[in-house]
Structure formats: structure tokens, C-alpha cells
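Structural overview
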Amino acid sequence: MTTKTVWITGATSGFGAATVERFVAGGWRVIANGRRADRLQQLVERHGAERVHAAAFDVRDEAAMRAAHANLPPAFAGIDLLINNAGLALGTAPAQQSDLAQWKQMIDTNVTALVTLTHLLLPQLIERRGAIVNISSIAGSYAYRGGNVYGGTKAFVTQFSQNLRSDLHGTGVRVTSVEPGMAETEFTLVRTGGDQAASEKLYAGAQPITAGDIADTIWWIANLPPHLNINRLEVMPVSQSAAGLQVARD
Ligand code: NDP
Ligand code: 8X3
């Protein structure tokens, strides 16, 4: 059987790191991206340079992204699956108290970088009848206080995924939007600017989704028979559900 290649963004932590392990275990080659080069290097050392290629760059840096693509080792140059996972939320303040720089960083990472990499890889994904899995969020479907721009970026990811499907009609390329709910990763540590106690408090007693759960979900999506496409997949822990609307009274 031919060895397939997957490009995973955000491979240094959380969902992305667990997905690297899942795909390597499944026999795939992995292009692992993230800014923390030391963590990527550990992946290469653990699995070998023939299995994992470290592509250390900031996804907001288009020139670095293009250089990483142009300099892929020949064995990694044919990409069958793109997993657009790199992303972040910054802050939990209401819009009127939010930091504009944080809003821009979320848009640049979760939206602009995701479409840039997708645009770059689309020709070869079409040529190879490949697939794209975009990591969106329930925050793109359910409003909550402090979700403002983060939720907006994820609504974009969900709709972009569906529109990509329309444009790719007839090409055989599969596109899926995965929309997880509360999952314990470094997500809350990043969102709170490194507040470990806040992160632990959020997940305590909730039995949140694990990174491995999402890695298994992506693995399942990627290995379905080629005539099947999961369009959208919303996943929550049993402990989480949607709550109602709010009313302000005089
Ligand atoms: P983590 O913080 O654990 O992982 C985020 C990953 O994104 C890291 O590998 C980080 O790598 C990478 N990343 C962030 N910014 C950049 C950048 N500018 N350039 C390159 N890589 C970057 O969080 P999760 O695993 O939870 O998050 C993965 C995805 O899942 C995100 O898109 C998030 O929005 C989404 N999500 C998370 C949920 C949750 O509750 N945890 C629920 C729903 C969706 P590095 O810092 O090394 O660059
Ligand atoms: C992360 C899930 O609900 O914290 O995307 O926004 S949530």
C-alpha cells in the first residue's frame, strides 16, 4: 500500500500533537507544523525523519509558509490530507473591553493563515483526490459572552468548509468541518495568557473532550471509504450542552 502524507498545522500541542501520533501509528507520513521548533524536533526524534518532517514556522508568515512548502523533502512532497488545526482564542472579555491586537491575531491565525495554506495546497489536493479537515468549533455556532471574534473566526471556518465543498464538486476532494466543544488542551492556558489555575478550574469535574478523542475522530473521517464525505461534525463532552438566550430588563 502507498504511504500517504498529511500536513498538520498546530502539531506542537493539543489536538494537533495527538493527531500526529494517530497518523504516524496508522502508517502515514506527517508534515508537522508549529512555531515551537523544539517540540517538532522531538517528534522527528521519536518517529524518525522518514515519518515526520518538522515544518517550524508561524502560519501568519506567508513567505515562511511558501518556503516550507517549496522545501519539502521529496518523500513528503505529495500531500493527501491537509488538517488545518492551528488556532487560538485570546481573551474572554466582552467586545467593548477587548484588545484589538488580540482580535487581529485570532483573525490572522484562524482565518487568514488557514485560507492561505488551503489555497497553496489545493492544486495538489485536487490532483491526488485528497482531503481537507478544518478544525472549527462549537463557538462558531453558539454565541457566548466573550466569544466575540473567536466565535466569528470559527463561523468563518465552518462556512468556508461548506463553500469549499461546493467549489470542489466533482473533483473527489473531501472537505470536513470538525466542531469540538470543551476540550482539555493548552487552549485555555493560551486564552488566559498562561493562567494555569483558570485552566484547571474550567475543566475540573467536567470530563472534557481529550486531544486523543479528536485525533481518533479525524482519523475516522480521513479513513472512510472515498465515496463518503462528513460535511460537519459537532462533538461535545456529555457534560456540556447548549443553554438559552438572555434578556436584559429595565
Ligand atoms: P493548543 O493551544 O493545545 O494547540 C494550538 C496549536 O496551534 C499549537 O500547536 C500551536 O503551536 C498552534 N498555533 C497557534 N498559533 C500558531 C501560529 N501563529 N503559527 C503556527 N502554529 C500556531 O489548543 P487546541 O489543540 O485545543 O487547539 C487546536 C484547534 O482546535 C484550534 O484551532 C482551536 O481553536 C480548536 N478548538 C479547540 C477547542 C478546545 O476546547 N480546546 C474546542 C474547539 C476547537 P505553537 O504555539 O507551537 O505555534
Ligand atoms: C473552543 C470551545 O466553547 O471554549 O473552541 O469556545 S469554546
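Each value, and the rule that gives it
- Residues numbered from 1 in each chain as written.
- Chains lettered and ligands numbered in written order.
- Predicted model: local features only at pLDDT ≥ 70, side-chain atom pairs only at ≥ 80, totals over all residues.
- Near = placed C-beta within 6 Å.
- Helix = DSSP H or I, 4+ residues; strand = E, 2+ residues; numbered from the N terminus.
- Nonpolar A, V, L, I, M, F, W, Y, C, P; charged D, E, K, R; others polar.
- Buried ≥ 20, exposed ≤ 12 C-beta atoms within 10 Å, placed from the backbone.
- Pairing = 2+ DSSP bridges.
- Right-handed = clockwise from strand over helix to strand, strands pointing away.
- UniProt positions renumbered as here; feature names shortened; annotations may be inferred.
- Axes fitted to C-alpha atoms, helices over the stretch in contact; angles between N-to-C directions.
- Parallel < 35°, antiparallel > 145°, perpendicular 65-115°, else oblique.
- Left-handed = near helix turned anticlockwise from the far one by under 90°.
- Contact = placed C-beta atoms within 7 Å.

Every one of the 28 residues lining ligand 1 counts as a neighbour, but Gly-10, Gly-14, Arg-35, Gly-87 and Phe-187 are closest to it. For the shell around ligand 1, the element with the most residues is helix α1 (residues 14-25), which contributes three residues. Counted by class, the shell around ligand 1 contains eleven nonpolar, twelve polar and five charged residues.

Attention now moves to the site of ligand 2. Every residue lining ligand 2 is accounted for by Ser-137, Ile-138, Ala-139, Gly-147, Gly-181 and Met-182. Broken down by class, the residue content of the shell around ligand 2 amounts to three nonpolar, three polar and no charged.

Looking now at the pairing of strand β3 (residues 52-56). Looking along a regular strand, one sees the side chains alternate between the two faces of the sheet. Across the five residues that make up β3, a large majority, four, are buried. Inspection of the sheet shows strand β2 (residues 29-34) paired to β3 by five bridges, in the parallel sense. Looking at the pairing, Ala-32 lines up with Ala-54 of β3. In this fold, the crossover linking β2 to β3 by way of helix α2 (residues 37-47) has right-handed handedness.

All right, on to the UniProt feature "domain: Ketoreductase" (unreviewed entry) in the chain then. In the numbering adopted here, UniProt assigns the feature "domain: Ketoreductase" (unreviewed entry) to residues 4-185. Helix makes up 44% of residues 4-185 and strand 17%, whereas the separation of the span's terminal C-alpha atoms amounts to 27 Å.

Between helix α3 (residues 62-70) and helix α4 (residues 100-127), whose axes approach to 11 Å, the crossing angle comes to 30°. Between α3 and α4, the angle falls in the class roughly parallel. Crossing of α3 over α4 shows right-handed handedness. Counted together, Glu-62, Met-65, Arg-66 and His-69 of α3 and Thr-116, Leu-117 and Leu-120 of α4 form the full contact between these two elements. For the contact of α3 with α4, the per-class residue count stands at three nonpolar, two polar and two charged.

The strand order across the open sheet built from seven strands is β3-β2-β1-β4-β5-β6-β7, with neighbouring strands paired in parallel fashion. Since the sheet does not close on itself, it has two edges, and those belong to β3 and β7 (232-235), each with one partner. Neighbour to neighbour, the strand axes of the sheet diverge by 15° on average, direction disregarded. Pairing of strand β4 (residues 81-84) with strand β5 (residues 131-135) involves four bridges; the strand directions are parallel. When the bridges of β5 are listed, Leu-82 appears paired with Ile-132. Packed onto the sheet, α4 meets β1 (5-8), β4 and β5 and runs at close to 175° relative to β4.

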